[in-house]
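Report on the structure
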Amino acid sequence: MEIVITPDPQAAAVVAADAIERLLLNNTEPVLGLATGSSPLPTYQELIARYRSGRITFANGRAFLLDEYVGLEVGHREAYRTFIQRELTDQVDLPANALFGPDGNTVELATAAERYEQLISDVGGIDLQLLGIGSDGHIGFNEPTSSLGSRTRLKTLTDATRTDNARFSDDDISAVPRHVLTQGIGTILEADHLILLASGASKARPIAQAVVGPLMAMMPASALHLHPHATVIIDEAAAEELSHSDYYREAFANKPAWQHI
Ligand code: GLP
């Protein structure tokens, strides 16, 4: 696992956007995995700026959401599909029919989950998956005790996660759905490259536990240790509780020019 510590979230966004730019330039049919939440927003802003300046195109790409709330109607402001359209895909040239997400708006949720797994495998898998981390260490919506081999499925959110996410719904926890469909940890681990972004002091504890270990179901983000190419990009505040942080800084500052994240 590579740990990159940057002075601020904007600098983290440049590192993540560089990796995405390389994928878009070098792959004829790039497949991106997109995360919601505030952590990836600076990266999305950076990608939009690079698209507008003509540096990158998403025209041949496809994008897959990490997760989706159950029961929010199509176009609902807080639906993750709407979020990602608003924050990224409507502002770049990704074709409208190239954005995929689990269908949380059906009664056949188990079938929707299986269909989503099939869709991901039909395109040959995800090349680069962006991730955030919940304050309880969740990735996607895989709450603590999620199986490390889990696939896309229905999950019940913890009250802590619903409280965290209520800030997007005028602090009204009752407006945050209790159920979600999320890529499983096993699904996430099949992407070629994982980039986890985190910033701010509230992420310092889960980041330290995920990076240092132990690998455990109570800390879903620790599953990144099972992946051969996982990059954790964090700002100084999120690195606050990390041991070995000087080593990570030194390693990144002295990376050979040919070796990207
Ligand atoms: C939600 C999303 C996660 C995200 C997490 C952290 O629970 N399902 O994918 O990582 O929020 O969000 P934030 O980046 O806003 O802290």
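Refer to the structure above for everything that follows.
In this text the structure is predicted, and so the values were computed from the model without any measurement. (Residues numbered from 1 in each chain as written. Predicted model: local features only at pLDDT ≥ 70, side-chain atom pairs only at ≥ 80, totals over all residues. Heavy atoms only, no water.)

Details of the overall build of the chain
Each helix and strand in the chain was counted, giving 8 helices and 10 strands. On C-alpha atoms alone, the chain measures out to a radius of gyration of 17 Å, which is about the 18 Å that the 2.2 N^0.38 rule sets for 261 residues. Dimensions of the chain, computed from the C-alpha atoms along their principal axes, are close to 50 × 40 × 35 Å. Looking at the chain as a whole, 53% of its 261 residues qualify as buried. Intrachain contacts of the chain at a sequence separation of at least 6 include 78% that bridge at least 24 residues. Accessible area of the chain: about 11,400 Å², with a carbon and sulfur share of 51%. (Helix = DSSP H or I, 4+ residues; strand = E, 2+ residues; numbered from the N terminus. Rg over C-alpha atoms; globule rule 2.2 N^0.38 Å. Buried < 20%, exposed > 50% of the residue type's maximum accessible area, 1.4 Å probe, protein only. Contact = heavy atoms within 4.5 Å. Areas by Shrake-Rupley, 256 points an atom, 1.4 Å probe, with all protein chains shown as cover.)

Regarding the nonpolar core
Judged by nonpolar contacts, the single largest core of 76 residues is most densely connected at I195, L196, I207, I233 and I234. It is helix α1 (residues 9-26) that contributes the most residues to this core, 8 residues altogether. Leave out the neighbours within four places in its chain, and L196 touches L131, G132, I133, I139, I207, A221, L224, T231, V232 and I233. (Core = buried A, V, L, I, M, F, W, Y, C linked by side-chain atoms within 4.5 Å.)

Considering the sheet that holds strand β6 (residues 128-131)
Pairing is parallel across the open sheet formed by 7 strands, whose spatial order is β1-β10-β9-β6-β2-β3-β5. Where the open sheet ends on each side, the last strands, each with one partner, are β1 (2-6) and β5 (99-100). Sheet analysis places strand β2 (residues 31-34) next to β6, joined by 2 bridges and oriented parallel. Directly across from L32, in β6, lies its bridge partner L128. Contacts from helix α4 (residues 109-122) reach β3 (62-65) and β5, with the element oriented near 150° to β3. (Pairing = 2+ DSSP bridges. Axes fitted to C-alpha atoms, helices over the stretch in contact; angles between N-to-C directions.)

Structural notes on the site of the ligand
Around the ligand, 14 residues are found, and the nearest of them are S38, S39, D67, R167 and K203. Contact distances for the ligand include 2.8 Å between a nitrogen atom and a side-chain N or O atom of D67. Burial of the ligand by the surrounding chains reaches 94%, relative to a free accessible area of 390 Å². (Near = heavy atom within 4 Å. Polar contact = N/O pair within 3.5 Å; in protein donor to acceptor, adjacent residues only side chain to side chain.)

Points about α1
The terminal C-alpha atoms of α1 lie 26 Å apart, and with 18 residues this matches the ideal 26 Å at 1.5 Å per residue to within 8%. Every buried residue belonging to α1 is among A12, A13, V15, A16, A17, A19, I20, E21, L23 and L24, and all of these are buried. (Expected span 1.5 Å × (residues − 1).)

Structural notes on the side chain of S146
By secondary structure assignment, the location of S146 is in the loop between β6 and β7 (153-156). S146 gets classed as buried once you look at its relative accessible area, which sits at 1%. There is a polar contact of 2.7 Å between the side chain of S146 and the backbone oxygen of E143. With sequence-adjacent residues up to four places away left out, S146 is seen in contact with R153, K155, I185 and A217.

Focus on the packing of aromatic side chains
One pass over the structure, following the stated rule, counts 7 aromatic pairs. Ring centres of Y80 and F141 lie 5.7 Å apart, and the angle between their planes is 10°; on these two criteria the pair is classed as stacked. A residue pair is termed long-range when its members are at least 10 positions apart, and Y80 in helix α3 (residues 80-87) and F141 in the loop between β6 and β7 qualify at 61 residues. The pair formed by Y80 and F141 is uniform in burial state, with each residue classed as buried. (Phe/Tyr/Trp six-rings, centres within 6.5 Å; stacked < 30°, edge-to-face > 60°.)

Structural notes on the pattern of salt bridges
A complete count under the given rule lists 14 salt bridges for this structure. A salt bridge links R86 to E87; the shortest N-O distance between them is 3.7 Å. A relative accessible area of 26% means that R86 is categorised as partly exposed. Taken together, the shared-partner salt bridges connect D18, E21, E46, R50 and R55 into one network. (Salt bridge = Lys/Arg side-chain N within 4 Å of Asp/Glu carboxyl O.)

What to know about the sheet that holds β7
In space, the 3 strands of this open sheet follow the order β4-β8-β7, with antiparallel pairing throughout. The two strands at the open ends of the sheet, each matched to only one other strand, are β4 (67-69) and β7. Strand-to-strand twist in this sheet, taken as the mean axis angle between neighbours without regard to direction, amounts to 30°. The pairing of β4 with strand β8 (residues 179-182) spans 3 bridges and is classified as antiparallel. Bridged to D67 within β8 is T182.

Everything listed is a geometric property; what it means functionally is a separate question.
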